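# A structural walkthrough
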Amino acid sequence: MIELRHLRYFLAVAEEGHVTRAAARLGMQQPPLSQQIGALERMVGVPLFHRRPRGVELTEAGRTFLGKARLILADVDLAMEAARRTARGEAGSLAVGFTSSAAFHPLVATVVRSFRRTTPGVTLTLEEGSSVELVDALRGDRLDAAFVRTPVVDTSGITIEPLLDEAMVVALPDQHRLLRGFRPARRRLPGRRLLGRRIALGDLADQTFILYRRPTGPGLYDSIIAACHAAGFSPRIGQEAPRMASTLSLVAAGLGVSIIPASMCRLDTEGIAYCRLDSATPLVAPLHLAYRDATPSGATFRLIETVRQAAERKL
């Protein structure tokens, strides 16, 4: 069977036109090289060289073989470099998931932009889902990493890396009675209706709440319910929406109020105003990066490093 070493031996002899010089180039003795060239010719079934007193010349078959041998060796070199690039995280593919609320956090957008800019050879696929769905996709090898909100109860085979805790805000219909006399914050961004005064959670005791459906986001749901109980009331749940953004549409329709991560204010929904909670309400929305415990691929490792660097700058 012809091996790559036979092709490299043949290429050296063809380019040098002399077996002794080719042997020196290859760092081997002349007799073994002559034996390997003879073995190659027997495997091919035709002479590849004319033996001359002062060297060797390619036969017509040898010239044809030379062109093909160069292509094969070039392809092998390309394959090895592609494998090295993939191992370094410079090539390949990466599937990243995120929850609907995480998508609006500037950290996630920063990471995606940075990764695309610094690693253009990696095909990046993004997928939205609940924290539960994303962790299932990680375990099923359908995702390589995911930004999740909800603490994962069963962490077997999964690493959950805490990134930051984000403040939560109250979303109310913009004509709500609790907003009378409120003025927009001085540094409000265009289209952002984050008001300057704060609301005590107890002020919402008689309100109808619209929350992100618990099976898909039990962490935030349970935190909100626990905070309401700590404030002295049991919240009246009017609607549970399948996606975090859907809760805002229901708030805008005047069906109730909601408590959401502050970054969701970036979703400029007409008819909604946002208020900060008072400092006595310890409600935060954690953001985690989840990935499999197994040694990550080169692209996944690069993403993890990019996320860590972005999180450190944000903190």
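Scroll up to find the structure.
We now turn to the structure provided with this report. (Residues numbered from 1 in each chain as written. Predicted model: local features only at pLDDT ≥ 70, side-chain atom pairs only at ≥ 80, totals over all residues. Heavy atoms only, no water.)

Further remarks concern the overall build of the chain. Looking only at helices and strands, the chain has nine helices and twelve strands in total. In terms of overall size, the chain is more extended than a compact globule, its C-alpha atoms giving a radius of gyration of 32 Å where 315 residues would be expected to give roughly 20 Å. Seen along its three principal axes, the alpha-carbon backbone of the chain occupies a region of about 105 × 40 × 30 Å. Counting every position in the chain, which comprises 315 residues, the buried fraction comes to 46%. For the chain, long-range pairs separated by at least 24 residues make up 73% of all intrachain contacts whose partners lie at least 6 apart in sequence. (Helix = DSSP H or I, 4+ residues; strand = E, 2+ residues; numbered from the N terminus. Rg over C-alpha atoms; globule rule 2.2 N^0.38 Å. Buried < 20%, exposed > 50% of the residue type's maximum accessible area, 1.4 Å probe, protein only. Contact = heavy atoms within 4.5 Å.)

Take the pattern of salt bridges next. In total, this model carries 18 salt bridges according to the counting rule given. For the salt bridge of R52 with E57, the shortest nitrogen-to-oxygen distance reads 3.5 Å. Judged by its relative accessible area of 44%, R52 is partly exposed. Close ionic contact of R308 with E305 constitutes a salt bridge, the shortest N to O distance being 2.9 Å. Of this pair, R308 and E305 both sit in helix α9 (residues 298-314), three residues apart, which is roughly one turn of the helix. Using a relative accessible area of 30% as the deciding quantity, one classes R308 as partly exposed. (Salt bridge = Lys/Arg side-chain N within 4 Å of Asp/Glu carboxyl O.)

A few words now on the nonpolar core. Membership of the largest hydrophobic core comes to 36 residues, with the highest contact counts inside it found for L172, L201, F209, I259, I260 and Y274. Looking at this core, the elements with two or more residues in it are β6 (158-173), β8 (208-212), α7 (218-230), α8 (244-252), β10 (258-261) and β11 (272-277). Excluding anything up to four places from it in sequence, L201 contacts A227, C228, A231, F233, I259, L277 and T281. (Core = buried A, V, L, I, M, F, W, Y, C linked by side-chain atoms within 4.5 Å.)

On to the environment of R142, then. Tracing the sequence through the fold places R142 in the loop between α6 (131-139) and β5 (145-148). Taking relative accessible area as the criterion, R142 reaches 54% and is therefore assigned exposed. Residues R142 and A95, spaced 47 residues apart in sequence, show a C-alpha to C-alpha distance of 7.3 Å. Once you skip the residues sitting within four places of it in the chain, R142 turns out to touch A95, D136 and A137.

Let us look at helix α1 (residues 4-16). The terminal C-alpha atoms of α1 lie 18 Å apart, and with 13 residues this matches the ideal 18 Å at 1.5 Å per residue to within 8%. Here α1 has its buried residues at H6, L7, Y9, F10, L11, A12, V13 and A14. Residues of α1 that are buried in the fold lie against α2 (19-26), α3 (30-44), β1 (49-52), β2 (55-58) and α4 (60-87). (Expected span 1.5 Å × (residues − 1).)

On β5, burial covers both faces: A145 and F147 on one face and A146 and V148 on the other are all buried. Judged from the three bridges that link them, strand β3 (residues 92-98) and β5 form a sheet pairing that is parallel. In the sheet register, V96 faces β5, and the bridge partner there is A145. Direction of pairing for β5 relative to strand β12 (residues 284-292): antiparallel, over a ladder of four bridges. By the bridge assignment for β12, A145 is matched with Y291. (Pairing = 2+ DSSP bridges.)

Once that is clear, we can look at the packing of aromatic side chains. According to the stated counting rule, one finds three aromatic pairs in the structure shown. Each ring, one from F10 and one from F65, has its centre 5.0 Å from the other, and the planes form 85°; the classification is edge-to-face. Of this pair, F10 sits in helix α1 while F65 sits in helix α4, and the two are 55 residues apart along the sequence. The residues F10 and F65 share a single accessibility class, namely buried. (Phe/Tyr/Trp six-rings, centres within 6.5 Å; stacked < 30°, edge-to-face > 60°.)

Attention now goes to unusual backbone geometry. Here the phi dihedral of D141 falls at roughly 60°; this positive angle occurs in a residue that is not glycine. Relative accessible area serves as the criterion here: at 56%, D141 is assigned to the exposed category.

Residues I2, M43, V44 and V46 make up a contiguous nonpolar surface patch of about 260 Å² in total accessible area. Looking at where V46 falls in the secondary structure, it is placed in the loop between α3 and β1. (Patch = residues over 30% accessible without salt bridge, like charges linked within 9 Å, V, L, I, M, F, W, Y side chains within 5 Å. Areas by Shrake-Rupley, 256 points an atom, 1.4 Å probe, with all protein chains shown as cover.)

With respect to the secondary-structure elements, L33 resides in helix α3. Judged by relative accessible area, L33 falls into the buried class, the value being 0%. Discounting chain neighbours no more than four positions away, the residues touching L33 are Y9, V13, V19, A22, A23, L26 and M28.

Our focus in this paragraph is the side chain of T247. When you line up the elements, T247 lands in helix α8. Filtering out sequence-adjacent residues up to four positions away, T247 remains in contact with I210, L211, Y212, A241, S258 and I260.

End to end, helix α5 (residues 106-118) covers 18 Å across 13 residues, agreeing with the expected 18 Å (1.5 Å per residue, within 8%). By the burial criterion, the buried members of α5 are L107, V108, V111, V112, S114 and F115.

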